[in-house]
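Commentary on secondary and tertiary structure
Residue strings, one per chain:
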Amino acid sequence: MKHLVDIHVDRCIGCTRCMRVCPTEAIRIKNEKALLIKERCIFCGNCILNCHKSAYKVYSDSFANLNKHKVNVVILPSAIYGMTKNMKELGGIYQILYDYGFDEVFDLSGVVELLSQKITEYIKQSDKTYILSQCPTVIRLIQLKYPSLLSNLLPFDFPYEIGAKIARKKLSQKYQIKEEDIGISYISECLSNFIAIKEGLGKKKSNVDYVFLFNDLFRNSIDSDQINTSVAKNGIQFSKAGGFEYLSNKNEVLSVDGVKELDEILERIYLNRLDNVKLVEAYSCIGGCVGGNFTIENTFVAKWKVNQFHQTIDESIEYVNQFRHVLNSRDWMFTSEVEALSPYKLSENINQSIVKMNQINQILKQLPNIDCCACGSPSCRALAEDVVNHEKTLDDCYILKRGDET
Ligand code: SF4
Ligand code: SF4
């Protein structure tokens, strides 16, 4: 995350709001300023959304990069269907993107519809409970907290990565130029996809060249415009949580959204307490991608708009089929292993870890255990851990200090 997300120290007032909403205890307050422990971050974006001082800064790419390419294509996130109720409104979105300087707009709904068909086939091959791999925060949470569930994670790459490969091939034929002369941009609906592209999650390097933020490009009111394109009727349903549930065998799909609820479901799978579920359709944002932290429409209105749009369009088999054989099946999968991470390990040495664990428990007995956060750690347990790791001292606890003074 280095150089991707920063905290403006001049704006931060150390109020602890971001630290309190971080689900993985990845934030501390030191010298009245927020500090990120990047190894623990799952990119959920809660901190950015909850900072009332706009102290978090996400560094998207510069439009000047588009000058490096003969043709620029922008991949439209599925979350866009949370802003449009019909083709005319979608036309307005395309026009905005042409005005920004993109030569082509690549709609992802066809790729997503095909991907859902491939997933439906894939999960038949075993009795295990599979976990959808489309949300990078879900993957990151599994890497950090439930590494044994990595074998349950579907091996399919993110739709924009597959879309980028298809767009590069198709447009190099259309314009008769080399694939490397095409610049591929993505408009990210959330922090999670932004970081996954920048860090190449599941691969050595992303197929997307540049990432822009949804809320930097669009505002709430969009003019309608005529457009000569198609969208995949079923594909647009996957922009919201429950898309799989809506279109497939409801009995076999469990849809979950929101980090806390997701964590509970992952724990159940880990404990083998989730029977007869073939696929967990998991998203960290409430509502799925239409509720991404950089989107601008109310999540529930966005879900309603997706359903409205769905009703206005016909089945689009021909449109979807044009993407079916562009890539070989390997190109739809992650190309690097998604590995376990262990940012909470107290030490590389097991004996040292046990010693530290005992020290933490001893310190905890002295602390008030009210998780007031005034010390700048997210809980009394986290403060005890920070003390053992020499990041803080017991003097940071205001309650203890006050007791000593009286
Ligand atoms: S929410 Fe976090 S980053 Fe924002 S002002 Fe408060 S402590 Fe600083
Ligand atoms: S993005 Fe989420 S996990 Fe990362 S620091 Fe912010 S709140 Fe914590």
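Here we summarise the structure given alongside this text. (Residues numbered from 1 in each chain as written. Chains lettered and ligands numbered in written order. Predicted model: local features only at pLDDT ≥ 70, side-chain atom pairs only at ≥ 80, totals over all residues.)

A look at helix α14 (residues 380-388)
Taking burial as the measure, the 9 residues of α14 include 7 buried ones, the bulk of the element. Taken together, the buried positions of α14 are occupied by Cys380, Ala382, Leu383, Ala384, Glu385, Asp386 and Val387. The secondary structure elements touched by the buried residues of α14 are α13 (350-366). Immediately downstream of α14, the backbone of His390 shows phi near 60°, a positive value. (Buried ≥ 20, exposed ≤ 12 C-beta atoms within 10 Å, placed from the backbone. Helix = DSSP H or I, 4+ residues; strand = E, 2+ residues; numbered from the N terminus. Contact = placed C-beta atoms within 7 Å.)

Thoughts on the sheet that holds strand β7 (residues 130-131)
Strand order in this open sheet of 3 strands is β7-β11-β10, and the pairing throughout is parallel. Only two strands of the sheet have a single neighbouring strand rather than two, namely β7 and β10 (253-257). (Pairing = 2+ DSSP bridges.)

Some words on the site of ligand 2
Residues in contact with ligand 2 amount to 15 residues; listed here are only the nearest, Cys22, Cys41, Cys44, Asn46 and Cys47. Class assignment of the residues belonging to the shell around ligand 2 gives a composition of 12 nonpolar, 3 polar and no charged. (Near = placed C-beta within 6 Å. Nonpolar A, V, L, I, M, F, W, Y, C, P; charged D, E, K, R; others polar.)

Quick look at the site of ligand 1
Residues in close proximity to ligand 1 total 13 residues, the closest being Cys12, Cys15, Arg17, Cys18 and Cys51. Its residues placed into classes, the shell around ligand 1 shows 9 nonpolar, 2 polar and 2 charged.

Here's the deal with the environment of Ser284
Residue placement: Ser284 occurs in the loop between β11 (279-283) and α11 (299-312). A count of 32 C-beta atoms within 10 Å places Ser284 in the buried class. Separated by 49 residues in the primary sequence, Ser284 and Gly235 place their C-alpha atoms 20 Å from one another. If near-sequence neighbours (up to four positions away) are discounted, Ser284 is found in contact with Cys44, Cys135, Thr137, Val138, Ser192, Val259 and Leu262.

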